[in-house]
Amino acid sequence: MIPDGSWTKTGFHHSPSPSVQVLDRWRIGIVVALWNREITEELERGCRAVLLERGLREDQIETYQVPGCFEIPVASSWFCSLKSPVDAVIALGCLIKGETPHFDLIAEAVNRGLMDLSLREGRPMVNGVLTVLDTEQANQRLGGAHGHKGQEAAYTALQMLELRSQTLQAT
Ligand code: RBF
């Protein structure tokens with residue numbers, strides 16, 4: 001079930017109700033890594049479900065699949081250099097520490113890549129990459145004790161786009 005706006009351990013996920021005209025114009029890119037595919041498929045499913053439930057159409061959401069998390073930043077930059085760039089990117093992936101010796105390096109590279117891109121482009125790059133010790137911890141973040149990180153990533157993108165619409169109106 002998709003939660004309505006609520007407090008979770010990780011913060012407040014509100015459900016913006018943007019005006020139809022604003023909502024109609026938004027385009028969101030999802031970059032999903034295929035390593036630990038069963039997990040990332042569920043992240044994407046939950047993410048898309050929230051976006052559609054909040055009123056976006058399928059044609060406003062596009063997904064790029066990349067091999068692993070390390071490739072997420074460059075594919076995100078491709079979304080920004082389209083003739084008609086997306087308004088926000090949602091990055092989804094899963095890094096499992098026990099199986100990834102250079103876990104910290106990849107996690108840091110993805111974080112920095114997304115942040116640099118976000119500031120350069122002035123667009124939200126939502127970090128929905130799970131960094132966990134094992135698959136059990138990942139599953140707890142797919143609708144278990146720690147919420148659903150794919151859904152939360154979608155709420156974050158919507159919240160940032162709503163804020164962006166307000167700031168544009170104010171300038
Ligand atoms: N990519 C992930 O998205 N999650 C992982 O847990 C992960 N573990 C990896 C472990 C090793 C030993 C290697 C070499 C790569 C791993 N990758 C993982 C893939 C990485 O993000 C990237 O796709 C490749 O390194 C190719 O650039």
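Keep in mind the model is a prediction, meaning the values are calculated, not measured.

A few words on the overall build of the protein. Along its length, the protein carries six helices and eight strands. Ordering the α and β elements of the protein from the N terminus gives β-β-α-β-α-β-α-β-α-β-α-β-β-α. The buried share of the protein, taken over its 171 residues, is 39%. At a minimum sequence separation of 6, the contacts of the protein that also span at least 24 residues come to 78%.

In this section: the site of the ligand. Around the ligand, the surrounding shell holds 16 residues, and the nearest of these are Trp35, Gly68, Cys69, Phe70 and Thr100. Element by element, the count of residues in the shell around the ligand is highest for strand E5 (residues 88–96), at four residues. Here the residues of the shell around the ligand sort into 10 nonpolar, four polar and two charged.

A few words now on helix H3 (residues 72–80). Buried within H3 are the following residues: Ile72, Pro73, Ser76 and Phe79. The buried residues of H3 occupy an angular sector of 110 degrees when projected down its axis, which confines them to one face. Buried-residue contacts for H3 involve strand E3 (28–33), strand E4 (61–66), E5, helix H4 (103–121) and strand E6 (125–132).

Before going further, it helps to examine the packing of H3 against H4. Running from N to C, H3 and H4 cross one another at 20 degrees; their axes reach a closest spacing of 9 Å. By the angle between their directions, the pair H3 and H4 is classed as roughly parallel. Of the two possible hands of crossing, H3 and H4 adopt the one that is right-handed. Note on element contacts: H4 touches H3 through Val110, Gly113, Leu114, Leu117 and Glu121, opposite Ile72, Pro73, Ser76, Ser77 and Cys80. Looking at the contact of H3 with H4 residue by residue, the classes come out as six nonpolar, three polar and one charged.

Let us look at the pairing of E6. Buried residues dominate E6, accounting for eight of its eight residues. Burial along E6 is two-sided: Met125, Asn127, Val129 and Thr131 facing one way and Val126, Gly128, Leu130 and Val132 facing the other are all buried. Examined bridge by bridge, E5 and E6 share eight bridges and lie parallel to one another. In the sheet register, cysteine 94 faces E6, and the bridge partner there is leucine 130. With respect to chirality, the unit in which E5 leads through H4 into the neighbouring parallel E6 is right-handed.

With 17 residues, helix H2 (residues 37–53) should reach 24 Å at 1.5 Å per residue; the first-to-last C-alpha distance of 24 Å fits that figure. Of the residues making up H2, those classed as buried are Ile39, Thr40, Glu42, Leu43, Glu44, Gly46, Cys47, Arg48, Val50 and Leu51. Phi turns positive, to about 120 degrees, at glycine 55, one or two residues after H2.

This paragraph deals with unusual backbone geometry. Despite not being glycine, asparagine 36 shows a phi value in the positive range, around 55 degrees. By the secondary structure assignment, asparagine 36 is in the loop between E3 and H2. A residue is classified by how many C-beta atoms lie within 10 Å of it, and asparagine 36, with 21 of them, is buried.

A few words on the pairing of E3. Buried residues dominate E3, accounting for six of its six residues. Residues Ile28, Ile30 and Val32 of E3 are buried on one face, and the alternating residues Gly29, Val31 and Ala33, pointing to the opposite face, are buried as well. Here six bridges tie E3 to E4, and the two strands are oriented parallel to one another. For alanine 33, the partnering residue across the bridge sits in E4 and is valine 66. As for the winding sense of the linkage, the β-α-β connection from E3 through H2 to E4 is right-handed. With five bridges joining them, E3 and E5 adopt parallel strand pairing. Counterpart to valine 32 in the pairing with E5 is leucine 92.

Conventions and cut-offs
- Residues numbered from 1 in each chain as written.
- Predicted model: local features only at pLDDT ≥ 70, side-chain atom pairs only at ≥ 80, totals over all residues.
- Helix = DSSP H or I, 4+ residues; strand = E, 2+ residues; numbered from the N terminus.
- Buried ≥ 20, exposed ≤ 12 C-beta atoms within 10 Å, placed from the backbone.
- Contact = placed C-beta atoms within 7 Å.
- Near = placed C-beta within 6 Å.
- Nonpolar A, V, L, I, M, F, W, Y, C, P; charged D, E, K, R; others polar.
- Arc of directions from axis to C-beta.
- Axes fitted to C-alpha atoms, helices over the stretch in contact; angles between N-to-C directions.
- Parallel < 35°, antiparallel > 145°, perpendicular 65-115°, else oblique.
- Left-handed = near helix turned anticlockwise from the far one by under 90°.
- Pairing = 2+ DSSP bridges.
- Right-handed = clockwise from strand over helix to strand, strands pointing away.
- Expected span 1.5 Å × (residues − 1).

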